[in-house]
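# Coordinate inspection notes
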Amino acid sequence: MSSFKKMSKAAKRPAEEHDASENVETDVKYKQRVLLLSSRGILSRQRHLMQDLASLLPHCKKDAKLDTKSNLRLLNELADLNNCNNCIFFESRKGMDLYMWIAKTPNGPSAKFHVQNIHTMDELKLTGNCLKGSRPVLSFDQSFDSAPHFQLLKEMFTHAFAVPKSSRRVKPFIDHVTSLSIVDNRVWFRTYQIIEKDPEALPKEKMALVEVGPRFCLNLIRIFGGSFSGSVLYENKEFISPNMIRSSIKVNHANKYAKRKISNAERAYQMVKNQLPIDPLDKAFA
């Protein structure tokens, strides 16, 4: 009887090992880690935006500020040292313009955005308060499927903002929604807290959304084939640099000033031209 049990166990063992090997092959773990850092000269409002994103992404790792703005390929090495396969880099220019890079390190692709309309979590209008370290539900607009470059951005945003279950600091809760929508050829970023109401209410009224923040808008500039470099896969022809906008405003002000000075000179010339000649007899009877 004991020999029969041993034979039956030996016969079952290869099948169990085969099933275990199939489970290992099919169970692919979602491992995404994000390196979050900025350049030198970043403003306080921009720094608070970066801190808000770090609090919403428990699978990210923060690093010190980057000294250079020309050689961004160093970010690939920093991501490798921190064991990260995604990178979000905030680049500040002239103390007023903020650009955001999202890259899939080390082979790409990467995208560069101009960040506009920044609102942080500390503002009074954003009354939501989600649990720190919880996983979000990513909500994409239907417009992300309308063009190939938007489909690529959707995949990059998924790798960067979707928190994996295996993260060390993640909590087993889903209590907020990260909304990404395309309006006016720009990507609008919003975060909402999921609030449960009276369970006896109607199904549509059981839950509500309250905005948490941060709130900002991304204007796409270019998409590169590599990580922070490479061939240009897509370029936004409608994008106008903020430097060009400021220079055009200064030129308009200069033209207005020049026109005003010219009109004043013409008016003075007309007044002198239309003035009557002086009569010498006026001094005689004075």
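These notes cover the structure that comes with them.

Conventions adopted
- Residues numbered from 1 in each chain as written.
- Predicted model: local features only at pLDDT ≥ 70, side-chain atom pairs only at ≥ 80, totals over all residues.
- Heavy atoms only, no water.
- Helix = DSSP H or I, 4+ residues; strand = E, 2+ residues; numbered from the N terminus.
- Buried < 20%, exposed > 50% of the residue type's maximum accessible area, 1.4 Å probe, protein only.
- Contact = heavy atoms within 4.5 Å.
- Areas by Shrake-Rupley, 256 points an atom, 1.4 Å probe, with all protein chains shown as cover.
- Core = buried A, V, L, I, M, F, W, Y, C linked by side-chain atoms within 4.5 Å.
- Polar contact = N/O pair within 3.5 Å; in protein donor to acceptor, adjacent residues only side chain to side chain.
- Patch = residues over 30% accessible without salt bridge, like charges linked within 9 Å, V, L, I, M, F, W, Y side chains within 5 Å.
- Salt bridge = Lys/Arg side-chain N within 4 Å of Asp/Glu carboxyl O.
- Lys, Arg positive; Asp, Glu negative; His and termini not counted.
- Charge placed at Lys NZ, Arg CZ, Asp CG, Glu CD.

Turning next to the overall build of the protein. If you tally the helices and strands in the protein, you get 6 helices and 11 strands. In the protein, which comprises 286 residues, the proportion classed as buried is 36%. Considering only residue pairs separated by 6 or more positions, the protein has 66% of its internal contacts joining residues 24 or more positions apart. Surface exposure of the protein reaches about 18,400 Å², of which carbon and sulfur atoms provide 55%.

The biggest cluster of nonpolar side chains holds 34 residues, and the ones touching the most others in it are Ile 88, Phe 90, Ile 102, Phe 113, Leu 153, Phe 157 and Phe 161. With 6 residues, the top contributor of residues to this core is helix H4 (residues 148–161). If we ignore the near neighbours within four places in the chain, the residues touching Phe 90 are Leu 36, Leu 37, Ser 38, Ser 39, Ile 42, Leu 49, Met 50, Leu 53, Leu 98, Tyr 99 and Met 100. Counting residues in hydrophobic clusters, the runner-up holds 13 residues, among them Leu 35, Leu 66, Leu 75 and Phe 224.

Moving on: unusual backbone geometry. Peptide bonds are mostly trans, and most non-glycine residues show a negative phi. Going from Gly 108 to Pro 109, the amide bond is cis rather than trans, its omega being 5°. Within the secondary structure layout, Pro 109 lies in the loop between strand S4 (97–103) and strand S5 (110–119). Residue Pro 214 is reached from Gly 213 by a cis peptide bond, and omega for that bond is 0°. For Pro 214, the position within the fold is in the loop between strand S9 (207–211) and strand S10 (215–224). Despite not being glycine, Asn 83 shows a phi value in the positive range, around 60°. Mapped onto the secondary structure, Asn 83 falls in the loop between helix H3 (74–81) and strand S3 (86–93). Look at Asn 83 and you get partly exposed, because its relative accessible area is 48%. Residue Lys 94 is not a glycine yet carries a positive backbone phi of 60°. As for its position among the elements, Lys 94 is in the loop between S3 and S4. For Lys 94, a relative accessible area of 62% corresponds to the exposed category.

Time to look at the environment of Ile 194. Mapped onto the elements, Ile 194 comes out in strand S8 (residues 186–196). Residue Ile 194 is classed as partly exposed on the basis of its relative accessible area, which comes to 23%. Taking C-alpha positions, Ile 194 is 8.9 Å from Gly 128, a pair spaced 66 residues apart along the chain. With residues near it in sequence (within four places) discarded, Ile 194 still touches Asp 175, His 176, Val 177, Met 207, Ala 208 and Leu 209.

Now for the environment of Arg 168. Structurally, Arg 168 can be placed in the loop between H4 and strand S7 (171–183). The exposure class of Arg 168 is exposed, given its relative accessible area of 78%.

Here the focus is the side chain of Ser 134. Checked against the element boundaries, Ser 134 lands in strand S6 (residues 134–140). With relative accessibility at 1%, the residue Ser 134 sits in the buried group. Of note is the side chain of Ser 134, whose polar atom sits 2.6 Å from the side chain of Asp 175. Looking at Ser 134, its side chain comes within polar contact range of the side chain of His 176, at 3.2 Å. Setting aside residues up to four positions removed in sequence, Ser 134 forms contacts with Lys 171, Phe 173, Asp 175 and His 176.

On the surface, a cluster of positive charge is contributed by Lys 31, Arg 33, Lys 132, Arg 168, Arg 169 and Lys 171. You can see Lys 31 is positioned in the loop between helix H1 (2–26) and strand S1 (34–38). Taking relative accessible area as the criterion, Lys 31 reaches 45% and is therefore assigned partly exposed.

Summarising the element assignment, Ser 92 is placed in strand S3. One polar contact links the side chain of Ser 92 to the main-chain carbonyl oxygen of Gly 41, over a distance of 3.2 Å. Filtering out sequence-adjacent residues up to four positions away, Ser 92 remains in contact with Ser 39, Arg 40, Gly 41, Ile 42, Gln 46, Lys 69, Asp 97 and Leu 98.

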